[in-house]
Amino acid sequence: MSGFRTVKLHLPQLHCAMGDDWENVWAALGSPAVPGPAPWPDELAAASAHVAREPELAPYGVDRKLVRTMEKQARMALVGAGRLLEAWRPDHLADRPETGLFMGLPTIDEPLPSLAVLESWHAAGGRDDWNTTLMRETQPFSGLSLLNSSACAHIAATFGLNGPMAAYSPFADAGLSAVIDGVHAVAEAECSHAVIGAVSTKLDPLLPLQHAHWEGRAGGLRVPGEASAFLLASADAGRNDPVLLGYARGCHPLRDDHGDMLVDLIAQTLEMGRCTPTDVGWVLSNQPWQAAHKESLHRALFAFAPLHLPIEARFGYVGPAAATLAVGLVLEGMRRQRRWLTHGARWEALPMDASCALLVMYSPMGQIAVALIGRDRS
Amino acid sequence: MEKRTRFGLAAALEALADAGLVPAELPLRSGIAMGSGVPERDPADMHLALGPNGPDWRLLHQRAAELNPNSGLLNSNDHLSMSLAQVLGINGPNLNFSTACAGATHAIGHGMRMIRRGECDLMIVGGADSVLNLPTMIGLHLLGAPSTAERFGDRLCRPFDRDRSGFVAAEGAGVLILEREAHAQRRGAQIYAEIAGFGSGMDAYRISAPHPEGLGARLAMQRALRDARLDPADVGHINAHGTSTPLNDPAETLAISTTFANGDHYRRLSVTANKSMLGHLIAAAGAPECIATVLSVADGIVPPTLNLENPDPSCYLDYVPGSARRQALRAALSNSFGFGGLNAVIAVKAYD
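Residues numbered from 1 in each chain as written. Chains lettered and ligands numbered in written order. Predicted model: local features only at pLDDT ≥ 70, side-chain atom pairs only at ≥ 80, totals over all residues. Heavy atoms only, no water.

Caption draft 1: Just the pairing of strand β12 (residues 331-338) of chain B, in detail. All names here are of chain B. Among the 8 residues that make up β12, 8 are buried, leaving the element largely enclosed by the rest of the structure. A two-sided burial pattern is seen for β12, the buried positions comprising A331, L333, N335 and F337 on one face and A332, S334, S336 and G338 on the other. Inspection of the sheet shows strand β8 (residues 235-239) paired to β12 by 4 bridges, in the parallel sense. Residue pairing in the sheet places V235 in a bridge with A331 of β12. (Buried < 20%, exposed > 50% of the residue type's maximum accessible area, 1.4 Å probe, protein only. Helix = DSSP H or I, 4+ residues; strand = E, 2+ residues; numbered from the N terminus. Pairing = 2+ DSSP bridges.)

Caption draft 2: Structural context of the domain arrangement of chain A. All names here are of chain A. When the domains of chain A are assigned, the result is domain 1 (2-115 + 140-234) and domain 2 (243-374). For domain 1 and domain 2, the distance between their C-alpha centroids amounts to 20 Å. Each partner contributes to the interface: domain 1 provides 56 residues, whereas domain 2 provides 53 residues. Both sides together, the interface formed by domain 1 and domain 2 hides about 4400 Å², and carbon and sulfur atoms give 67% of it. Three residues, R5, W26 and R222, lead the burial of domain 1 against domain 2; their summed loss comes to 19% of the area buried on that side. At the surface where domain 1 touches domain 2, the tally comes to 4 salt bridges. Across the salt bridge formed by R336 and E23, the nearest N and O atoms sit 3.3 Å from each other. At the junction of domain 1 and domain 2, the tally comes to 16 residue pairs in polar contact (both at pLDDT 80 or more). Elements represented by at least two residues in the side of domain 1 that touches domain 2 include exactly β1 (8-16), α1 (22-28), α8 (172-187), β6 (193-199), α9 (206-215) and β7 (227-234). The greatest single-element share of the side of domain 1 that touches domain 2, amounting to 10 residues, is contributed by α8. (Domains from an automatic or database assignment. Contact = heavy atoms within 4.5 Å. Buried area = accessible area lost by both parts, 1.4 Å probe. Salt bridge = Lys/Arg side-chain N within 4 Å of Asp/Glu carboxyl O. Polar contact = N/O pair within 3.5 Å; in protein donor to acceptor, adjacent residues only side chain to side chain.)

Caption draft 3: Fine view of the environment of H141 of chain B. Residues and elements named next belong to chain B. Take H141: it is sitting in helix α6 (residues 134-142). For H141, a relative accessible area of 34% puts it in the partly exposed group. Those residues within four positions of H141 in sequence are excluded, and the remaining contacts are P146, S147 and T148.

Caption draft 4: Layout of the pattern of salt bridges. According to the stated counting rule, one finds 39 salt bridges over all chains in the structure shown. E332 of chain A serves as the salt-bridge partner of R336 of chain A, at 2.8 Å between the closest nitrogen and oxygen. Of the two residues, R336 of chain A and E332 of chain A both sit in helix α13 (residues 321-336), 4 residues apart, roughly one turn of that helix. By relative accessible area, R336 of chain A is classed as partly exposed at 23%. A residue is classified by how much of its surface remains accessible, and E332 of chain A, at 6% relative accessible area, is buried. Across the pair R151 of chain B and D163 of chain B runs a salt bridge whose closest N-O atoms are separated by 4.0 Å. Taken together, the residues R151 of chain B in the loop between α6 and β6 (171-179) and D163 of chain B in the loop between α6 and β6 connect sequence positions 12 residues apart. Overall, D163 of chain B belongs to the buried group, its relative accessible area being 19%.

Caption draft 5: Molecular detail of the nonpolar core. All names here are of chain A. Formed by 108 residues in total, the largest nonpolar core has its most connected members in W282, L284, F315 and L329. Looking at which element gives the most residues to this core, the answer is α13, with 10 residues. Of the domains in this structure, domain 1 (2-115 + 140-234) and domain 2 (243-374) are the two that each give at least three residues to this core. With residues up to four places along the chain from it excluded, the contact list for F315 reads L14, C16, M18, V25, L29, H50, G225, L325 and L329. Counting 34 residues, the second-largest nonpolar core is a separate cluster that includes L78, L105, L161 and V195. (Core = buried A, V, L, I, M, F, W, Y, C linked by side-chain atoms within 4.5 Å.)

Caption draft 6: Region of interest: the packing of aromatic side chains. Residue and element names in this part refer to chain A. By the definition in use, this model includes 11 aromatic pairs over all chains. Ring geometry for W26 against W282: centres 6.5 Å apart, planes inclined by 80°, an arrangement best described as edge-to-face. Residue W26 is found in helix α1, and its partner W282 is found in strand β9 (residues 280-285); the two are separated by 256 residues along the sequence. The pair W26 / W282 is uniform in exposure class, with both members buried. Aromatic ring contacts, followed pair by pair, group W26, W282, W340 and W347 into a single cluster. Here the guanidinium or amino end of R222 rests over the ring plane of W289, the centre of that ring lying 3.6 Å away. (Phe/Tyr/Trp six-rings, centres within 6.5 Å; stacked < 30°, edge-to-face > 60°. Lys NZ or Arg CZ within 6 Å of the ring centre and 35° of its normal.)

Caption draft 7: Quick peek at the environment of G366 of chain A. Residue and element names in this part refer to chain A. Positionally, G366 belongs in the loop between β13 (356-362) and β14 (367-374). Exposure remark for G366: the relative accessible area of 0% places this residue in the buried category. Along the sequence, G366 and A292 sit 74 residues apart, while their C-alpha atoms lie 9.7 Å from each other.

Caption draft 8: Spotlight on the side chain of T293 of chain B. Residue and element names in this part refer to chain B. Following the sequence through the fold, T293 ends up in helix α11 (residues 286-299). In terms of polar contacts, T293 uses its side chain to reach the backbone carbonyl oxygen of E289, at 2.6 Å. Each residue touching T293, except ones within four places of it in the same chain, is listed here: N239, A332, L333, S334 and V348.

Caption draft 9: Spotlight on the packing of helix α8 (residues 215-227) of chain B against helix α9 (residues 248-259) of chain B. Residue and element names in this part refer to chain B. Two elements in contact, α8 and α9, have axes whose closest approach is 8 Å; the angle formed by their N-to-C orientations is 40°. It follows that α8 is oblique to α9 by the angle criterion. By crossing handedness, the relation of α8 to α9 is classed as right-handed. For the pair α8 and α9, contact is made by A217, R218, M221, Q222 and L225 and by A255, I256, T258 and T259, respectively. For the contact of α8 with α9, the residue count by class is 5 nonpolar, 3 polar and 1 charged. (Axes fitted to C-alpha atoms, helices over the stretch in contact; angles between N-to-C directions. Parallel < 35°, antiparallel > 145°, perpendicular 65-115°, else oblique. Left-handed = near helix turned anticlockwise from the far one by under 90°. Nonpolar A, V, L, I, M, F, W, Y, C, P; charged D, E, K, R; others polar.)

Caption draft 10: Representation of the sheet that holds strand β7 (residues 193-202) of chain B within the structure. All names here are of chain B. The 5 strands lie next to each other as β7-β13-β12-β8-β9, forming an open sheet whose pairing is mixed. Looking along the sheet, the strands with just one partner apiece sit at the ends: β7 and β9 (270-272). For this sheet, the mean angle separating the axes of adjacent strands, direction not counted, is 20°. Inspection of the sheet shows β12 paired to strand β13 (residues 342-350) by 8 bridges, in the antiparallel sense. Looking at the pairing, S334 lines up with I346 of β13. The sheet strands contacting helix α5 (residues 103-116) are β7, β12 and β13, and the helix crosses β7 at an angle near 120°. This element, α11, spans β7, β8, β12 and β13 of the sheet and lies at about 170° to β12.

What follows is the structure, encoded as structure tokens:
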């Protein structure tokens, strides 16, 4: 089980509202990100969002007609993977037979039936049979765009990936599972390299309703964001590149108190990583959903409180992408020997003087994934 | 509760009963891995957005309390795996796989690996799906995937047959209990077989068609064999993906032929397509097919491919047409190939 600690994590890439290269995004983290208008009516809850610019797919030779069959999630995933593969071997972009793909994906790319169908039905005075209207108005490629794993298929087809793959869904813990299992795929020699990535949930007017439902109170208060974030797991990267040191996964059904589950998962993770709490120099998490989640996070991170960075404060709620964004932050931080920490609403970049970082990813339903990333000292 | 969640819960309770387990006595290190597809979104929910001046998202938000809290509109695709955790009181890892028609097979394969790596002692794995709702079926039909032929009546699903014309959609669930060998032996469990290996591979071809030579499928089979430490000659049977689509069946035939080319071993394989009887359970399809593979290995009986009356010349394997066959098996594969070329394969070994 310890073989995975030899697998290097490197070349983090991102595409988000703050930008699409880590140099700029790292520098911008010191200032609060100002969300723009959400793509839905102002009167709805959470009328602002961190909207990423439309990805440029032309450089990767993706046919314009094919692009039109994709939702923005698939386009953001494709550009994130493309940027990673360019950074890895720019002269060898479209044929990587032994490269795997492990992704965290949101539930669905497209709401069905869309409001456009309702509009047509209403415009016809409801005279047509609803089913007939639905059949007539559904977009020809809705079968592709509603299937979240289409993002993986597009990446594989565009960049010639024939390696092993898996896709996990739908929340931040799923993004971290993609990291964990992608690393294992390399460690167990299923592939020499694994492209690991995740993409955010679609920004549509259903999202605030879902947030309110998941949070168990009225109003979707968290600001949604768009992002895709990728990294590469390799058997043969630089000697000092960080590795996955340990991890643990669990779940506690929504309504119950989490008790000490997170404390236990963190202890298991540290034990697997042969680390003690004093080795941890940075703790990154997404924002817990339930009151019980928040209490358990507070209890579990009591010892680490000054080191805790809630990443959604800058990136917004980005679903599965929270996990790979957090890994990207850790990789960038270790490269720069800096870490961003909070003082109230203010973020400050301080020296990184510890060997590893702890990641905690919550889903609204109760799944929790914890990972420890750092330099292997063995 | 969505149909697929109800199917999955029923299947999980059956599986636990068959394994002689009660939820309260499950080991502490138990986990869940499921494959399930697109949430079922009831158009009636969307009609709440409709007012006298046409549809408006604001109306839907104002009437949010009227939405079915268990419908696919509000819920995420991990509804089944989390419902299982709630009902069974399982606090271990809880994973939901989204790899189209290979989802349940990924869940089974990764569940096996979580036990192998020491993360869990027991995994409840499989999948459930239901696409028999209008919005999803429209999407599938617009892609030309299901059969629309009016010939053959209830013999419409005809894998490897010359007259096959597309898949026949179905709904349901399959759940398996995977258990660390020592744990199962200690409690005197009936062990059917060993989930010995898992492999996956991508076609890297087209979003809407499988690789014509079954490249990703072949790679997934080869990886599953390697993972299980099996020689191709050890395998006697393949539970095929066998969708009855014009493109899948010859591509899968080629993939099997090349994987088992050494010594023309492919000529000795029995290859069956459960979809001829069950239809296509989409994300869940791999689960009942893996169960059938396990039972084939355990009982020495290979189920038939139904409706294979006029073999397609490009489908030239022994597909066990018409009726079941007795065959002693040391090992078998269960194939699942997801839309867009996302392929997964389970290797099953006889348990001695």
